[in-house]
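Residue-level listing of the chains:
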Amino acid sequence: MHFVCCIKQVPDTAEVKIDPQTNTLIRSGVASISNPFDMVALEAALRLKEQYGGKVTAISMGPPQAEQVLREALSLGADETILLSDRPFAGADTLATSYTLVKAIERLNRHLPVDLVLCGKQAIDGDTGQTGPNIATRLGYTQLTYVVAIQWIDENKRQIQVCRKVEGGIEVIRGPLPALVTAELELAKPRRASLPLLIRSLRSEVKVWRAEDIQADPQKLGLKGSPTWVKKIFSPPVREGGPKFYAHEDLQGAVEKSLEALLADKKFASQLLSHWEA
Amino acid sequence: MPRNTKGLEVAEIIPDSCIGCQICLSECPVGAIRLSAEGVAVIDPEACVGCGKCSDVCPVEAVRFEKKRRQKVTQERKKDFTEGLVGYQGVAVFIEVLNGRGAPVSWELIGKGRELAAKRKARVIGLLLGYQMKEIAEEAIAYGCEEVQVIDNPLLQSYLSQTYGEALADLCRRIKPEILLLGATPLGRDLSGSVATHLNTGLTADCTALDIDEEKGYLLMTRPTFGGNIMATIYCQVHRPQMSTVRPKIMKASAKDSNPKGDIHFQPWNPPAGEMAKIIDFLKETPQAGSVDIGQAPALVVAGKGACDPASMPLLQELADLIGGVVACSRPVVESGLMPYERQVGQTGKTVAPKLYIGVGISGAVQHLVGMQGSEKILAINSDPQAPIFRVADVGLVGNYLQVVPALVASLKKKLGSV
């Protein structure tokens, strides 16, 4: 079977800030990591390969340095990796991103038919969760989002059965292959790289595909192909820290004073003391 | 400064400085700026009217323009950006059905939809998919829809991405709404991505604020991004409908009208051909012993790495009981195996906004903070006065939690006894 896993390189969002002078993102010096949800998807793909046999191809779209996430995928056991990197790809929103990924998946599919595409349920920088459904819709694959377990795949009958997290419970759903799965964190716990694979990952080649390699329509790529644009970015209103009380000097006093400060708001105090019934 | 053939002095982009942020594109009143294949802005000198607005908004000073030469833009020079979008009208709200009833988020969206529709002088249209939906359609009208368009079909009895995606896209092609709003629920998020792809239009997920651009009339969609560290306002200029999903409980539902007026239209539908997915089973979330939804609790006692000790759990539980809440934790506590994942607050756990959050031994990594900053009141207990959690806490208690928490419990008991 052929499993294709889409991985995004994301800034470690904990470190991203806005430059108050220019109102632009400060990205320099911010570490890049593999999107954690995508690594869960990759782990699921690797386990499926171990169970059913086949091949895991990892793809990523991004600047040349996004090669890093694909080397990581190799070190965990991915068989082949493709980096989609070209200037026209830049500035893509989810619609243009999914178009680019789909063109690449179509090329992979011509070479070796794709059975299952796996993505994280969302990326931690954008948090949109749209790329998965976009890809499934474009390819006409069975769309299976928010998956917490892949129960089985029947290669002969071309069926897959998964458990999806939906409002109020878990849905067990069966559908035809090829399909697309987006991974919840519970789907699998990513493994650590083994030493031989780590060494292999450093020696292996990460293939780079450009716009012409995937026969992409330039009008649908990157900024040009993106219907949504950013009007402005700004910092969210920040909370201000309140008073601090030090317990090592006077434990009882500090506790009393902090409770007093907390309950200064009468309405809040009466709610708390009535266990939120008021 | 360069001049065009009309002799006007025009603005010019410095390609090496341009970061391709597109802000000038939206600001240009005559649409003279395009993006090149290299991803940088290019100004058409013949179209440029020399108003200098691009230079005003450029965040990186990539526009060469002399401000004193500024030309005034006259009204007739302005190009109507929406001219290619004739025929799209009205604010559509997808009415989500949950357990046979209208989902609360849909009523909230109708409330917001009315506000937007008033600004656009347009109607609010409910879009409803399902089987035997008449009652819910009537309810949507009571909540403020001026019309409801329904596809009523046994195939739509339960939600499937494929059938719902195609049906809603079909409905949009027919009704041509200018705006389409959906709840950012698991179903809404699954559906919106599919519909936007069918319609080849822009979609902004998880919005927390919506407004209409007064000048140009398009929808301004504001959402948190980068794990809540940054807010971005997004718009969709030349594709319709402008699609947005909105988080539940952010907008306010309007009151139900006891004597509502509105039309219900049932639309025909050709179901897609081919093999469909089948729902085999639904396992209802049954609250097991000890299982809680920390997102719903009014108060939380949250254990951090600094309080990650099985021996202190009863103490934290006692505090939680006293404040009418439950115990939650940060990621390291889950990783240690002390508490289950469902209790994790933060970026990879749950986003919570209780009335009272008490952090015990929480240092306040940003990944944690983004998941709890919406709490009404925050009390932080930590032995390190420099811990970042104190920067967001309304009240800070610096000290060893093993001493502080029992004192707090005793003091709270006294207060509760006096009520």
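Residues numbered from 1 in each chain as written. Chains lettered and ligands numbered in written order. Predicted model: local features only at pLDDT ≥ 70, side-chain atom pairs only at ≥ 80, totals over all residues.

Peer 1: I'd love a proper account of the environment of glycine 100 of chain B, names of residues and values included.
Peer 2: Residues and elements named next belong to chain B. As for its position among the elements, glycine 100 is in the loop between strand E6 (97–98) and strand E7 (101–102). You can call glycine 100 exposed: it has 9 C-beta atoms within 10 Å. Each C-alpha atom of the pair glycine 100 and tyrosine 131 lies 9.7 Å from the other, and the pair is 31 residues apart in sequence. (Helix = DSSP H or I, 4+ residues; strand = E, 2+ residues; numbered from the N terminus. Buried ≥ 20, exposed ≤ 12 C-beta atoms within 10 Å, placed from the backbone.)

Peer 1: Give a detailed account of the environment of glycine 374 of chain B, specifying residues and quantitative values.
Peer 2: All names here are of chain B. Here glycine 374 is to be found in the loop between helix H9 (366–369) and strand E21 (377–382). Classification of glycine 374 as partly exposed rests on a count of 13 C-beta atoms within 10 Å. A sequence separation of 12 residues divides glycine 374 from glutamine 386, and the C-alpha atoms of the two residues are 22 Å apart.

Peer 1: Describe the sheet that holds strand E13 (residues 219–225) of chain B, and please don't skip the residues or the numbers.
Peer 2: In space, the 4 strands of this open sheet follow the order E14(A)-E14(B)-E13(B)-E12(B), with antiparallel pairing throughout. Only two strands of the sheet have a single partner each, and these edge strands are strand E14 (228–234) of chain A together with strand E12 (209–212) of chain B. Adjacent strand axes in the sheet meet at a mean angle of 25°, parallel and antiparallel pairs treated alike. Pairing of E12 of chain B with E13 of chain B, which is carried by 4 bridges, proceeds in the antiparallel orientation. Its bridge partner lying in E13 of chain B, leucine 210 of chain B is registered against methionine 221 of chain B. (Pairing = 2+ DSSP bridges. Axes fitted to C-alpha atoms, helices over the stretch in contact; angles between N-to-C directions.)

Peer 1: I'd love a proper account of the pairing of strand E5 (residues 91–95) of chain B, names of residues and values included.
Peer 2: Residue and element names in this part refer to chain B. The buried fraction of E5 is high, at 5 of 5 residues. Neither face of E5 is exposed, since Val91, Val93 and Ile95 on one face and Ala92 and Phe94 on the opposite face are all buried. As paired strands, E5 and strand E8 (residues 124–130) are joined by 5 bridges and run parallel to one another. From the neighbouring strand, phenylalanine 94 faces E8, where its bridge partner is leucine 127. Judged from the 3 bridges that link them, E5 and strand E10 (residues 179–183) form a sheet pairing that is parallel. Paired with alanine 92 across the two strands is leucine 180, which belongs to E10.

Peer 1: How would you sum up the sheet that holds strand E15 (residues 242–246) of chain B? Please name residues and give values.
Peer 2: All names here are of chain B. Judged by pairing direction, the sheet is parallel, and its 7 strands sit side by side in the order E11-E15-E10-E5-E8-E9-E16 without closing on themselves. The open sheet terminates on both sides in strands that have one partner only, identified here as strand E11 (203–207) and strand E16 (263–266). Looking at each pair of strands side by side, their axes are set apart by 20° on average, direction ignored.

Peer 1: Explain the domain arrangement of chain B to me, using residue names and the numbers behind them.
Peer 2: How big an interface is tends to be expressed through the accessible area that disappears when the partners come together. In terms of domain boundaries, chain B breaks down into domain 1 (12–79), domain 2 (84–266) and domain 3 (299–417). Taking only C-alpha atoms, the centre of domain 1 of chain B and the centre of domain 2 of chain B are 34 Å apart. (Domains from an automatic or database assignment.)

Peer 1: So what about the confidence of the model for chain B? Which residues, and what values?
Peer 2: Residues and elements named next belong to chain B. Looking at chain B as a whole, its pLDDT mean stands at 88, while 93% of the residues score no less than 70. Looking at the elements of chain B, mean pLDDT is at its lowest for helix H1 (residues 23–27), recorded as 78, and at its highest for E5, recorded as 98. Across residues 74–83, confidence stays below pLDDT 50; counting only partners more than four residues off in sequence or on other chains, it has 11 contacts. (pLDDT = per-residue confidence, 0-100. Contact = placed C-beta atoms within 7 Å.)

Peer 1: Please set out the environment of proline 88 of chain A residue by residue, giving values where relevant.
Peer 2: All names here are of chain A. Within the secondary structure layout, proline 88 lies in the loop between strand E7 (80–84) and helix H3 (94–111). Judged by the 24 C-beta atoms lying within 10 Å of it, proline 88 is buried. Distance from proline 88 to proline 218, taken between C-alpha atoms, is 7.3 Å for residues 130 residues apart in sequence.

Peer 1: Now, about the domain arrangement of chain A: what can you tell me, with residues and values included?
Peer 2: What the domain assignment reports for chain A is domain 1 (2–220) and domain 2 (240–278). On a C-alpha basis, the centroid separation for the pair domain 1 of chain A and domain 2 of chain A is 47 Å.

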